[in-house]
Amino acid sequence: MVERVTGAVRRHPWRLGAVAVVLVALAGAAFLGRDVISLWLSPDEPVDVTLPVVAPLEAAGGRTVYLVDPERSRATVEVDELLAGAQRTARLTTQGIAGSVAVDPSDAAGSQVGEIAVNVHQLRSDNALRDKAIRHDGLESHRYPEVRLRNAAVEGLSGPVRDGRAQDLTIRGDLTAHGVTKPVVFAGSARLAGDTLQAEVSTTLRMSDHDIGPISKIGLVRTGDDVRVQLRLVAVDRTTFSPPAQLALAATRDDTPRSADGPSFRKEVAPILATNCAGCHQPGQVGAPHWKLADAGDAAEVADGLALVTASRYMPPWPASDAGIPLQHVRKLTDAQIDTLRAWAKAGGALDVEPSTKVTAPVEPEVTVPRADVTLRSAEPYRGSTAVRDDYRCFLLDPKFTEERFVTGTTFTPDEVEIVHHALVYRQPAATRARLDAADAEAPGAGWPCSAGMGTGAGGDLVGGWVPGQRPQDFGEGVGYRFGPGDVLVAQIHYHYETVAPPDASTMTLEVAPPGEKVTALRTRELVGPVEIPCPAGSTEPLCDRGAALADVGTRFGPGGAMIADALHRFCRTTPAQVAAASDGTTGRTTCDYRVRDEGDIVDVLGHMHTLGATYRMTLNPGTPQEKVLLDIPRWDFSWQLNYQPVDPVPVTRADTIRVECSWDRSVDPGRPLRYLVFAEGTEDEMCFSTVTVRPRSGP
Ligand code: HEC
């Protein structure tokens, strides 16, 4: 939620509004779910203990039917992962299993495996954060609570069944997980002893085959694609046994001893959380659905998780490194603060205050709030649908300027915080109006779909936006974006729907300088680099051919869209072959140098790539004694694309050079169909894109 501060407004020569951030993502859907580990982190998560319902096999033709006993059975899933920098194996288990097996004692070959269902909503490991990532973001167990094996055929058994003797077997069938059905082969052994059948079978699946993963939360957790699945089943003769309808509730995990040896919550931990986390995690704020921080108890409950998200620097979100020039509003914990949280968690998250003691964010006295001279919103609220999980929607906002005006500050206020993922608001020249109106008229409902760009062909100045934690933007005394008569705004809003899709009526307000007031017009320039990431050697996918990939871009974005890829090489004096040579088919990198065009002071920088981005860097006068890294992002995160403002505006002249460098890594999304990647706007394309905003030293 945008901070709304009504106190004294203090002006600074340059302030992008005491702003920490403006998220800027162009088109491209986040392929990761944005939801939250909180399911686990919240203390009151309901645990679904019901067992899946399956129709058991019939005891026909001399066969005995055995029903799975969940109390003695177990499904285990193993995934290799990098969790907060450490390589481990995640082992998740559940006992929520139902199913039946029919055995013909005279001829084992006639045995049958009935439908087997596993409740994956109950999968648990030793780490709450990871369970959540795998269950909630990957398996989406709230939507697909069960995994089912159907049409199973048993192979490898023969002869009469001998009591107590194990036989090797193979089970072939169709496995439905996450709504996707694929053939599966389990191998293992089975043994009948008295009225009890025991079987242990295993297989390896690929998460990407079922659209489950790999799961990646930049810097926090990243899993491999292979999942080793093991079923240990104990089934009992149905004439002597009926399975329970529910599992006994598993013992609570919170058995860590709490000791008073760690840092004091009151004196050391609470101040860190209050200053660095509460702003986004207090009830009603953007991070609260993910982890609510109202009082000391909320922190103690998940002490371990807090140590993990801070040690990995997943939280607070701040992708820029210290390699660059000092930036404003840095949101980063010091090593000492991280150590304090770690030590506190290790001591069991002990509290030296009542759990109900409030943890509140300190009031920031110096937040500048732009005036709301013009309020803009879509004529009617936008109604999306949970059927489209990531929905990019554009809205035309008309400030109805009839003469030249300067916008000196903006505030975007999301209406439905639960579904507004981020917003970008661009100035568009009056000449694009007809095309925008046409796009709007063509699409039913408010706005129009714009996952592949706004449909104007032009970029336009980015004048505002919103990302969780965003504050209003005040461009500073006498500084603003110039609007000609008839110029409009286009807001691109990324909605992410989880379970609800309430109508959204987000608003944008503008602070507009009075007509005739002297305002220096900001100059925002786009610096772009080519993208050339061929497929790995030996790939045969049709779109792995560069020509075919370009033609495909042309089909999606028109001939202009396809020409950008080659045009960029002319700007950057590179060739496709040269840039492609830096790629091994999985990773790629690019660079491009630009001569500075506007004399003045750099007041804002931004880097942008899509979801395969790995690193980003922008450098002033590289390789010279005057070299200055303007922005360094060592771990690209599509979810946290911020605008950054230097503490001291950086003076530049036309003699200066700015270099942009981008790198990518396909391995963050190995399930994605292979294609030769070139610069384009779509979700599955990539970009190396930057903006540099200069406040000219003289003149409008
Ligand atoms: C700028 C706002 C912001 C700040 C500051 C912030 N968070 Fe978050 N936090 C979020 C958002 C948004 C999410 C959900 C993002 C996601 O994981 O998809 C989140 C998620 C989390 C989660 C759940 C992990 C997950 O992936 O769902 C934890 C735990 C957390 N934050 C702890 C902290 C702690 C501890 C701090 C302070 C040291 C902090 N946060 C600071 C916005 C913030």
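Residues numbered from 1 in each chain as written. Predicted model: local features only at pLDDT ≥ 70, side-chain atom pairs only at ≥ 80, totals over all residues. Heavy atoms only, no water.

Asker: Can you lay out unusual backbone geometry for me, pointing to particular residues and giving the numbers?
Answerer: Going from Gly213 to Pro214, the amide bond is cis rather than trans, its omega being 0°. In the segment running from Met315 into Pro316, the intervening peptide bond is cis, with an omega of -10°. Counting through the fold element by element, Pro316 comes out in the loop between α6 (303–311) and α7 (335–346). For Asn151, which is not glycine, the phi torsion reads 50° and is therefore positive. Take Asn151: it is sitting in strand β6 (residues 146–155). Even without being glycine, His329 reaches a positive phi, approximately 55°. (Helix = DSSP H or I, 4+ residues; strand = E, 2+ residues; numbered from the N terminus.)

Asker: Report on the coordination of the iron atom of the ligand, specifying residues and quantitative values.
Answerer: Within the protein, the atoms that donate to the iron atom of the ligand are His281 (NE2) and Met315 (SD), at distances of 2.0 to 2.3 Å. One can describe the site at the iron atom of the ligand as octahedral: its six donor atoms subtend angles covering 86 to 179° at the metal. You can see His281 sitting in helix α4 (residues 278–281) and its partner Met315 sitting in the loop between α6 and α7, a full 34 residues away along the chain. (Donors = N, O, S within 2.8 Å, 3.2 Å for Na, K, Ca; no water. Tetrahedral: all angles 85-135°; square planar, octahedral: opposite > 155°, others 65-115°.)

Asker: Run through the packing of aromatic side chains, naming residues and quoting values.
Answerer: Across all of its chains, the model carries seven aromatic pairs by this definition. Here the aromatic rings of Tyr382 and Phe395 are separated by 5.7 Å at their centres, their planes lie at 70°, and the arrangement is edge-to-face. Of this pair, Tyr382 sits in the loop between β12 (374–376) and β13 (390–397) while Phe395 is found in strand β13, placing the two residues 13 residues apart along the sequence. Classification of Tyr382 as buried rests on a relative accessible area of 8%. Ring plane angle 35° and centroid distance 5.4 Å describe the contact between Tyr382 and Tyr495, whose orientation is recorded as tilted. Of this pair, Tyr382 sits in the loop between β12 and β13 while Tyr495 sits in strand β20 (residues 488–496), placing them 113 residues apart in sequence. Of the residues examined, Tyr495 reaches a relative accessible area of 1% and is grouped as buried. In this structure an aromatic cluster arises from ring pairing among Tyr382, Phe395, Tyr495 and Tyr497. (Phe/Tyr/Trp six-rings, centres within 6.5 Å; stacked < 30°, edge-to-face > 60°. Buried < 20%, exposed > 50% of the residue type's maximum accessible area, 1.4 Å probe, protein only.)

Geometry only, nothing functional implied.
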